[in-house]
Amino acid sequence: QLQASGGGSVQAGGTLKLSCLASGMIWSTFTSSRLAWYRQAPGKQRELVADLTSGGSTNYQDSVKGRFTISKNNAKKAVYLQMNSLEPEDTAVYYCNVETGSRDYWGQGTQVTVSS
């Protein structure tokens, strides 16, 4: 259901934009769902990075505030994560998530590696 892309390897201070397409999802389901990005670093638990409610409210993990921006394009059924001023601590596999209220959908994960 969800296809994530956009990961890669960058140096500290660099930028990446992650994309997640919910191409197989009904439009009304996508637009009424909570959208989120999570990440999981080696040896650590998966953690919430940012989320976006259907009403447009956003929430960010403290460590990414001011650097990351979550957004969506309803027409494309896509959710994005713009990541600026990347730090080595941002290195992780990033997962997109769509929570419909009755079910959670997860993307396959995309690797982000930030070198110092």
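Residues numbered from 1 in each chain as written. Predicted model: local features only at pLDDT ≥ 70, side-chain atom pairs only at ≥ 80, totals over all residues. Heavy atoms only, no water.

**Student:** Could you give me a rundown of the sheet that holds strand β1 (residues 3-5), with the residues and numbers involved?
**Tutor:** Pairing between the strands of a sheet is mediated by backbone hydrogen bonds and can be parallel or antiparallel. Strands sit in the order β1-β3-β8-β7 across an open sheet of four strands; the sheet is antiparallel. Among the strands making up the open sheet, the edge pair consists of β1 and β7 (68-73). Averaged over all neighbouring strand pairs, the angle between strand axes comes to 15°, with direction disregarded. The sheet contact formed by β7 and strand β8 (residues 78-83) spans six bridges and is antiparallel. For T69, the partnering residue across the bridge sits in β8 and is Q82. (Pairing = 2+ DSSP bridges. Helix = DSSP H or I, 4+ residues; strand = E, 2+ residues; numbered from the N terminus. Axes fitted to C-alpha atoms, helices over the stretch in contact; angles between N-to-C directions.)

**Student:** Could you give me a rundown of the layout of surface pockets, with the residues and numbers involved?
**Tutor:** To find leftover empty space, one rolls a probe the size of a water molecule over the atoms. For the largest pocket, the calculated volume is near 170 Å³. If you go around the largest pocket, you meet 14 residues; those closest to its centre are R39, A41, K44, E47 and E89. For the lining of the largest pocket, a count of residues per class yields two nonpolar, five polar and seven charged. (1 Å grid on protein atoms, 1.4 Å probe; cavity = no way out; pocket = protein on both sides within 12 Å on 5 of 7 lines; lining within 4 Å. Points joined across faces, edges and corners; volume = space filled by probe spheres on them. Nonpolar A, V, L, I, M, F, W, Y, C, P; charged D, E, K, R; others polar.)

**Student:** Could you give an account of the environment of G101, naming the residues involved and the relevant values?
**Tutor:** Note on placement: G101 falls in the loop between β9 (92-99) and β10 (104-106). We classify G101 as exposed; its relative accessible area is 70%. Considering only alpha carbons, one finds G101 and T29, 72 residues apart in sequence, at a separation of 9.7 Å. (Buried < 20%, exposed > 50% of the residue type's maximum accessible area, 1.4 Å probe, protein only.)

**Student:** Can you tell me about the packing of aromatic side chains, naming the residues and giving the values?
**Tutor:** Counting across every chain of the model gives one aromatic pair. Geometry around Y80 places K17 over its ring, the cationic atom sitting 4.7 Å from the centre. For the cation-ring pair, R46 lies above Y95, with the distance from its terminal atom to the ring centre recorded as 3.8 Å. (Phe/Tyr/Trp six-rings, centres within 6.5 Å; stacked < 30°, edge-to-face > 60°. Lys NZ or Arg CZ within 6 Å of the ring centre and 35° of its normal.)

**Student:** Kindly report on the side chain of K77, identifying the contributing residues and their values.
**Tutor:** Tracing the backbone through its elements, the reader meets K77 in the loop between β7 and β8. Reaching out from K77, the side chain makes a polar contact with the backbone oxygen of S23 at a distance of 3.2 Å. From its side chain, K77 meets the backbone oxygen of M25 in a polar contact 2.7 Å long. Ignoring any residue separated from it by four or fewer positions in sequence, one finds K77 in contact with C20, L21, A22, S23, M25, I26, W27 and F30. (Polar contact = N/O pair within 3.5 Å; in protein donor to acceptor, adjacent residues only side chain to side chain. Contact = heavy atoms within 4.5 Å.)

**Student:** Report on the state of the cysteines, specifying residues and quantitative values.
**Tutor:** In protein chemistry, a disulfide is the covalent bond that joins the sulfur atoms of two cysteines. One pass over the full model with this rule turns up one disulfide. There is a disulfide in this structure between C20 and C96, and the S-S distance comes to 2.1 Å. Between C20 and C96, the S-S dihedral sits near 55°, and the bridge is therefore right-handed. Within this pair, whereas C20 is found in strand β3 (residues 16-21), its partner C96 is found in strand β9, the two being separated by 76 residues in sequence. (Disulfide = S-S within 2.5 Å.)

**Student:** I'd like a description of the side chain of S19, backed by residues and values.
**Tutor:** Along the chain, S19 turns up in strand β3. With a relative accessible area of 18%, S19 lands in the buried category. Beyond its immediate chain neighbours, meaning those up to four positions away, S19 contacts Q3, A4, S5, W37, V79 and Y80.

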